Amino acid sequence: MAKVITVAQQKGGAGKTTVAAHIAVALSQKGNRVAIIDIDPQGSLGYWHKIREKKLGEGYTGLTFNSLSGWRVGSEVSRLRKQCDYIIVDSPPHTETEARTAIRSADLIVIPVQPSPTDLWATKATLELAKNEKIPVKVVLNRVAPNSRLTQTIADELPELAETTLGNRVLFAAALMEGRTATEVEPASAAAKEIKDLVKEIEKVFIEEEDEEDAPTSKARKKSFAPA
Ligand SMILES: Nc1ncnc2c1ncn2[C@@H]1O[C@H](COP(=O)(O)OP(=O)(O)OP(=O)(O)O)[C@@H](O)[C@H]1O
Ligand SMILES: [Mg+2]
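So, a few notes on the structure that sits alongside this text. Quick caveat: nothing in here was measured; it's all calculated off a predicted structure.

Some points on the overall build of the protein
Each helix and strand counted, the protein has 9 helices and 6 strands in total. Over its C-alpha trace the protein gives a radius of gyration of 16 Å, about what one expects of a compact globule, namely 17 Å for 228 residues. Each of the three principal axes of the protein carries a C-alpha extent, and together these read 45 × 40 × 35 Å. Within the protein, buried positions represent 43% of all 228 residues. The contacts of the protein with a sequence gap of at least 6 include a subset with a gap of at least 24, amounting to 74%.

Structure (structure tokens):
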């Protein structure tokens, strides 16, 4: 049965689509069957996948792509669950109703946050949604500048923080322009390493969950952020 990862954040431009595409490809590169679902009417993930199809050939992108409106995500996820290992849902900004549906269908919510006060404040709403639905969360600091005091201050305010942070790196954007991702274009780059580390953390959440199903223990723990 597939694990569903919804990338959500009410703040526009936080990095949802960038993170969704990168996680999806990295999981596919590890031999997983991965479906991606774009419920954002902007269709950014769809544009990216179209370029990818042109580049690699239809049916050879390593991903199954679906674009649909948010209210249909539940039934689509149920259908796809049996066919894949992971389903990655990219959600739109500003729409609580759509985000709520996508969050409800998820086994894990990944919330990209840029280290700015407005991103931090916007994140509270998404965190609240996830908490109400009792779904595990990974908050991922994105576009992090090295050794920034502001980043540390923001990190201190955030629960469920991923140990991995993503730097402000041109490669993340440049790779998407080609319909690919950093782990494909420059596998030895810092950007690629960050994504591989993030994916390891995500996999660990699911492994720990399976272990907990066998022997329940308490695991909720706030992580601290250490600047690079
Ligand atoms: N780590 C990063 N380093 C450099 N650029 C980044 C990074 N993450 C995102 N970006 C850039 O920031 C912009 C917004 O990213 P993206 O489109 O992924 O955000 P989004 O949350 O999906 O936006 P929207 O809310 O409009 O859907 C894009 O131009 C993207 O290339
Ligand atoms: Mg987007």
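Remarks on helix α7 (residues 170-177)
Buried residues of α7: F172, A175 and L176, and no others. Looking straight down α7, one finds its buried side chains confined to an arc of 100°; they lie on one side. The exposed residues of α7 that point more than 90 degrees off its buried face are V170 and M177. Positive phi shows up at G179, right after α7, with a value of about 75°.

Details of the sheet that holds strand β5 (residues 108-113)
Within a sheet, neighbouring strands are paired by backbone hydrogen bonds and run either parallel or antiparallel to one another. Spatial ordering of the open sheet is given by β3-β2-β4-β1-β5-β6, a layout of 6 strands whose pairing is parallel. What marks the edges here is a single partner per strand, and that holds for β3 (63-67) and β6 (137-141). Taking the axes of each pair of neighbouring strands and ignoring which way they run, one obtains an average angle of 20° across the sheet. Across the sheet, helix α1 (residues 16-29) touches β1 (3-7), β2 (34-38), β3, β4 (86-90), β5 and β6, and the angle it forms with β4 is around 165°. Strands β5 and β6 of the sheet are contacted by helix α5 (residues 117-132), whose axis makes an angle of about 175° with β5.

As for the pairing of β4
Within β4, 5 of the 5 residues are buried, leaving the element largely enclosed by the surrounding structure. Because side chains alternate across β4, one face comprises the buried residues Y86, I88 and D90, and the other comprises I87 and V89, equally buried. Bridge count between β1 and β4: 5 bridges; the pairing is parallel. Within β4, the residue paired with K3 across the bridge is Y86.

Notes on unusual backbone geometry
With a phi close to 60°, K134 is a non-glycine residue in the positive phi region. Along the chain, K134 falls in the loop between α5 and β6. One non-glycine residue, R143, adopts positive backbone phi at about 55°. Mapped onto the elements, R143 comes out in the loop between β6 and α6 (149-157).

How each quantity is defined
- Residues numbered from 1 in each chain as written.
- Chains lettered and ligands numbered in written order.
- Predicted model: local features only at pLDDT ≥ 70, side-chain atom pairs only at ≥ 80, totals over all residues.
- Helix = DSSP H or I, 4+ residues; strand = E, 2+ residues; numbered from the N terminus.
- Rg over C-alpha atoms; globule rule 2.2 N^0.38 Å.
- Buried ≥ 20, exposed ≤ 12 C-beta atoms within 10 Å, placed from the backbone.
- Contact = placed C-beta atoms within 7 Å.
- Arc of directions from axis to C-beta.
- Pairing = 2+ DSSP bridges.
- Axes fitted to C-alpha atoms, helices over the stretch in contact; angles between N-to-C directions.

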